[in-house]
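Working through the structure, step by step
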Amino acid sequence: MSAIGELAHGERQKDESRDNKAGYIFLTPWLIGLVVITIGPMLASLYLSFTSYPLLAGPTWTGLTNYIRMFNDPRLLNSLVVTFTYVVVGVPLQLILALAIAVLLNTGMKGLAFYRSVFYLPSLMGSSVAIALLWRQMFGTTGLVNQLLQSLVVENPPGWIADPSTALGTIILLHVWTFGSPMIIFLAGLRQIPTMYYEAASVDGASKWTQFRTITLPLLSPIVFFNLVLQIIGAFQAFTQAFIVSGGTGGPADSTMFFTLYLYQQGFTNFQMGYASAMAWLLVIIIGIFTAINFAVSKYWVFYDD
Amino acid sequence: MKMMNKVAAGVVTIGLALTGCAAGGGAPTTNDQGQTVIRFSWWGNDTRNRLTEEVIALFEEQNPDIDVQGEPGEWSGYWDRLATQMAAGDAPDVIQMDEKYIAEYGERGALLDLEAAGVDVSRFAPGTVDTGRLSSGLFGINAGINSPTVIANPAVFEAAGVAIPDDTTWTWDDLAQTAQAITEGSSDGAVGSQNYMMVEPIMRVWLRQQGQDEFNEDGVAFDAETLGQFFQQGLDLQQSGAFPSASVASEELTKPVDQTMGATNRLGLFYYWSNQVKAFDNASGQDLQILRPPSMNGDGDHELWYKASMLWSASGRTGNQEAVVKFINFLANDVDAGKILGVERGVPANLDVREAVRPDLQASDAKIVEYLESIESELGDPMTVTPVGGADIELGRWGTEVILERMTPQAAAEGLTTELTSKVQAGA
């Protein structure tokens, strides 16, 4: 390489480092926030997870006691089953619905902006307390859903939120209903796929379904992957809906006792903040494992069109 | 990398500092007008909030050097908030406390010994002071007396063509038959009785009539077999139609009080503390009748007790002890304060205040006072304070397992007893 080339290279490095400095300065408010309100409390909770901390008195070091106790806590295991069910059923259903609506909206229909907003609305409201309360009313024994069913001559509709076999289902339904954010991301992804692929395929006589399977899905797979990772992480942390729909109890009979809800009860109702901290770290580990698996498996199905 | 280590060390220090800062406090708080500021936290409803604000205004008028800042709240969320405030060293000075939690806070040194601090209980009715006493001191002042009641809705009885039984002689069997008759006689879907199996004070009444109790000085005071019989009774009455169906009953557990079946005239009999009768009178628009819970043999041995509906406590870390004691004395002993508060928090324990309040009582208040005075001569042993860990009994969760027939009554009773015993032992 010539001297001029090297000179230019050096100049560029200097520029880059100056740019970086400016970048970090702009990042400072966020960095301070990260350290003070995320990393600080996280480390504090890591310490507390090795203590017995009854909230009103200070923490005392108990080593691994909290972690060992988790393995002998049947309600904790039950809360894990509830949470896993919610994630494994809720997330795929939500993503399939989001993708289906996104594909529909991408067909170039009139009033796209309007429909896009309408379908996005539940995502804005879905995690709110008001909607969870509304849900509880709708699926109550004498709620809107059962009134509708009764007018359609269903004789004894179940009490959806009062029956342990359906209560979790209503909360999953609420989650699926809030498909707006993955839908918007899918829609953006669909827009990125060059139309010439579809034109070439239809010239070759490929059906719409074949086109979807062989063009849309592979080219959209990075977006699917992104949504999947994000939604799984989010679903593991779901709390508000279960808290409101069950009145904070996780009932009936622990059927909506999410891991996060049990954690909250241990910490704030039973004054066992040490145990609750240990549970929080278990959740971090579980989410970490799921995300790692997601990334490991992704290389077999995610297709990057570079 | 060195930089990163420093950052990490700093973060750990901050984290530990944050967790360690719960201790300390105790400095007096004043505002810029030189007034002593005390914070006063309670749970309640609209009526209570209004009355309490009036009492605060009167107190401030008489004590211009003290500024009382009210922190009203709802029962749900109140305890989470209080626990968090306590842990953060930011507890309110004066705290509306419940008997269920007083040991939880008092035994851990979070509350002020009010007797030592100089609160006056000399005019309190016999037996009404010790409701706030733990081994290490008097941590709560009775804010009003309560007792378990059976509430009968005359409109529902009448519509079903059933007479309200004589509560001095009725038995649990009478209750079961009455409730079943109401369900069968009602044309509009009203049900005879709330499922009392998941009502904690009724469980306690029943256990006491069996010679046991929910708690005593040693902790849990019942055995699984006896509780199993109680659960079995609940299941039987559900199957006979005396109680609502399982899914209705389980849904009732999470409803706000004013939306429950009792408040909406769909129950003949339901079970609450006496001070809640007024709220149900208002919600249902009926002149509800207060009955004693039944006894085993109809001999009038109801084994009832007086409970403090709630208590006045103070934070052990308050820096304004003098103002706090003055304010609690005012709440508990001042006749004018009593006239404002009425019996909304239960019947005043201070006999002077009770007499002063009596002439102005409204109909619903008057019948509550009348009920409490009529049972005074029949009371069983006083109750002991709920031990640490005992607040978390989870009767609703285990009861739901029974009514949904996911567990046998005996298995659920054993589950509850084992769980509660280990919680109480862990707390002791």
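Residues numbered from 1 in each chain as written. Chains lettered and ligands numbered in written order. Predicted model: local features only at pLDDT ≥ 70, side-chain atom pairs only at ≥ 80, totals over all residues.

Helix and strand content of chain A: 13 helices and 2 strands. If you line up chain A on its principal axes, its C-alpha atoms span 70 × 60 × 35 Å. Residue burial in chain A is summarised as follows: out of 306 residues, 31% are buried. (Helix = DSSP H or I, 4+ residues; strand = E, 2+ residues; numbered from the N terminus. Buried ≥ 20, exposed ≤ 12 C-beta atoms within 10 Å, placed from the backbone.)

For chain B, the count of helices and strands is 17 helices and 15 strands. Relative to the globule expectation of 22 Å for 428 residues, the C-alpha radius of gyration of chain B, 23 Å, shows essentially globular dimensions. Overall size of chain B, expressed as C-alpha extent along the three principal axes, is 75 × 65 × 40 Å. In chain B, once contacts between residues fewer than 6 apart in sequence are set aside, the share between residues at least 24 apart is 76%. (Rg over C-alpha atoms; globule rule 2.2 N^0.38 Å. Contact = placed C-beta atoms within 7 Å.)

We now examine the domain arrangement of chain B. Residues and elements named next belong to chain B. In terms of domains, chain B is made up of domain 1 (29–144 + 308–368) and domain 2 (148–304 + 392–427). On a C-alpha basis, the centroid separation for the pair domain 1 and domain 2 is 30 Å. Grouping the constituent residues of the side of domain 1 that touches domain 2 by class yields 2 nonpolar, 5 polar and 3 charged. (Domains from an automatic or database assignment. Nonpolar A, V, L, I, M, F, W, Y, C, P; charged D, E, K, R; others polar.)

On to the interface of chain B and chain A, then. Listed by partner, the interface residues are 33 residues for chain B and 34 residues for chain A. Of all the secondary-structure elements, those providing two or more residues to the side of chain B that touches chain A are α1 (2–20), α3 (75–87), α4 (99–106), α10 (246–252) and α16 (395–403) of chain B. Split into classes, the residues belonging to the side of chain B that touches chain A amount to 16 nonpolar, 9 polar and 8 charged.

Below, the discussion takes up the sheet that holds strand β9 (residues 191–193) of chain B. Residue and element names in this part refer to chain B. Taken in spatial order, the 4 strands of this open sheet run β9-β12-β8-β13, and their pairing is mixed. Each of the sheet's edge strands pairs with one partner strand only, and the pair in question is β9 and β13 (289–291). Direction aside, the axes of adjacent strands within the sheet are offset by 35° on average. Across 2 bridges, β9 lies against strand β12 (residues 267–273) in parallel orientation. Opposite S193, over in β12, you have L269 as the bridge partner. Here helix α11 (residues 277–284) sits on the sheet and contacts β8 (148–152), β12 and β13; the angle it forms with β8, its principal contact strand, is near 20°. (Pairing = 2+ DSSP bridges. Axes fitted to C-alpha atoms, helices over the stretch in contact; angles between N-to-C directions.)

Residue and element names in this part refer to chain B. Looking at chain B, pLDDT values average 88 and 94% of them are 70 or higher. Confidence over residues 1–25 falls short of pLDDT 50; this stretch has 29 contacts with residues more than four positions distant or in other chains. Interface scoring of the predicted complex returns ipTM 0.75; its pTM is 0.81. (pLDDT = per-residue confidence, 0-100.)

Before going further, it helps to examine unusual backbone geometry. Residue and element names in this part refer to chain B. With a phi close to 60°, N265 is a non-glycine residue in the positive phi region. If you trace the backbone, N265 turns up in the loop between α10 and β12. Even without being a glycine, E303 presents a positive backbone phi close to 55°. Mapped onto the elements, E303 comes out in the loop between β13 and β14 (307–308).

Over its 29 residues, helix α13 (residues 273–301) of chain A runs 42 Å from end to end, which matches the ideal 42 Å to within 8%, given 1.5 Å per residue. Regarding α13 of chain A, the residues found buried are M273, G274, Y275, A276, S277, A278 and M279 of chain A. (Expected span 1.5 Å × (residues − 1).)

This next bit is on the environment of G70 of chain B. All names here are of chain B. Summarising the element assignment, G70 is placed in strand β2 (residues 66–73). Once the C-alpha coordinates of G70 and I38 are considered, the two residues, 32 residues apart in sequence, prove to be 8.7 Å apart. Other than its neighbours up to four places away in sequence, G70 contacts F40, T52, E53 and I56.

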